[in-house]
Amino acid sequence: MKLIGSATSPYVRRIRLLLAANAQAYSFTDLNIYGEDRDELRKRNPALKIPVLYDDDEILYDSRVIFRYLSGKLSLPGLSWAEENRLTVIDAVNDSMVTLLLSQRSGLDTDRDCLIFNLQHERVEKSLAALESWAGEGCFEAWDYTAICLYSMLDWCLFRGLIELDATPNLSAWFNAQQGRPDLAKTDPRLADQ
Ligand SMILES: N[C@@H](CCC(=O)N[C@@H](CS)C(=O)NCC(=O)O)C(=O)O
C-alpha cells in the first residue's frame, strides 16, 4: 500500500493512524501540495486533494472512501449511522477550518463580517458544540475511526492556532486523555518542516 499525503494534513493523519492501529505496512509520500510538489499532486488526483491511497490496482481518493476500502480489506467494523453523522460533523469543522486557514493565507481577514466567513464560523461553533456533547456522552471512548478523526482534527486546529479547548471541557478532557497513545507522536504535524 502506498499513501500519498502530507505530514501536516489531518485527513491524511487519520488514515496513517488507522493503518498503524491495524499494523498495516505502507509507504508514505509526503507532498508539499501548495508548493514544489503541486505537479505531483496534479498527476495523483484530479480533485487536487490528499489523501490518495494506492493498493494493487486500486486508486482511492478521499479519506472517507479510503476508510470504506480499508474496512473491507482489513475486516474492520463499519460505521453505524450515528458514527457516520459524527464523522460528518468532524469533517464539517475540518473543512471550515481549512477554508479559514487558506483564506488567512490568501491575505483575507476572516474576522470580517461577510457571508462566507460567517458561515464557516457558525458551522464550527455549532459542530464543536455537538462534538462537546457527544464527548460528554462517551461516544469517543474507544480508539476507533471516529475517535482517530476527532483527535486528528482537534490537534491540527490546535497546531494551526485555530481553536482553544477551554470552552469545551469534555473535548479538552478527552483530548488530554489520548496523549501517549502509540503513533500520535510519530504523526504529529509539528514534526513537519513545511
Ligand atoms: N473530503 C476530503 C478532504 C481532504 C482535504 O481537504 N485535504 C486537504 C489537505 S488537509 C487538501 O487536499 N486540500 C487541498 C485544497 O483544498 O486545495 C477527504 O476526506 O479526504
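Residues numbered from 1 in each chain as written. Predicted model: local features only at pLDDT ≥ 70, side-chain atom pairs only at ≥ 80, totals over all residues. Heavy atoms only, no water.

Student: Can you lay out the packing of helix H4 (residues 81-105) against helix H6 (residues 145-159) for me, pointing to particular residues and giving the numbers?
Tutor: One way to put it is that H4 packs onto H6 with a least axis distance of 10 Å and a crossing angle of 20°. Classified by the angle their axes make, H4 and H6 are roughly parallel. Once H4 is placed against H6, the crossing between them reads as left-handed. Contacts between H4 and H6 pair Glu83, Leu87, Ile90, Val93, Asn94, Met97, Val98 and Leu101 from the former with Tyr145, Thr146, Cys149, Leu150, Met153, Trp156 and Cys157 from the latter. The residue inventory of the contact of H4 with H6, partitioned by class, reads 12 nonpolar, 2 polar and 1 charged. (Axes fitted to C-alpha atoms, helices over the stretch in contact; angles between N-to-C directions. Helix = DSSP H or I, 4+ residues; strand = E, 2+ residues; numbered from the N terminus. Parallel < 35°, antiparallel > 145°, perpendicular 65-115°, else oblique. Left-handed = near helix turned anticlockwise from the far one by under 90°. Contact = heavy atoms within 4.5 Å. Nonpolar A, V, L, I, M, F, W, Y, C, P; charged D, E, K, R; others polar.)

Student: Explain the nonpolar core residue by residue, including any values.
Tutor: Counting 50 residues, the largest nonpolar core has Met97, Leu131, Leu150 and Leu154 as the members making the most contacts within it. Sequence-distant contacts of leucine 131, that is, excluding residues within four places in its chain, are made with Arg86, Val89, Ile90, Val93, Phe140, Leu150, Met153 and Leu171. (Core = buried A, V, L, I, M, F, W, Y, C linked by side-chain atoms within 4.5 Å. Buried < 20%, exposed > 50% of the residue type's maximum accessible area, 1.4 Å probe, protein only.)

Student: Mind laying out the site of the ligand, listing which residues take part and the relevant values?
Tutor: Taken together, Ser9, Pro10, Tyr11, Ile33, Tyr34, Leu48, Lys49, Ile50, Pro51, Asp62 and Ser63 make up all the residues around the ligand. One of the side-chain nitrogen or oxygen atoms of tyrosine 34 is found 3.3 Å away from a nitrogen atom of the ligand. Serine 63 places a side-chain nitrogen or oxygen 2.6 Å from an oxygen atom of the ligand. Most atoms of the ligand, that is more than half of them, are within 2 Å of grid points of the largest pocket. Of the residues that constitute the shell around the ligand, the class distribution is 7 nonpolar, 2 polar and 2 charged. (Near = heavy atom within 4 Å. Polar contact = N/O pair within 3.5 Å; in protein donor to acceptor, adjacent residues only side chain to side chain. 1 Å grid on protein atoms, 1.4 Å probe; cavity = no way out; pocket = protein on both sides within 12 Å on 5 of 7 lines; lining within 4 Å. Sits in = over half its atoms within 2 Å of the grid points.)

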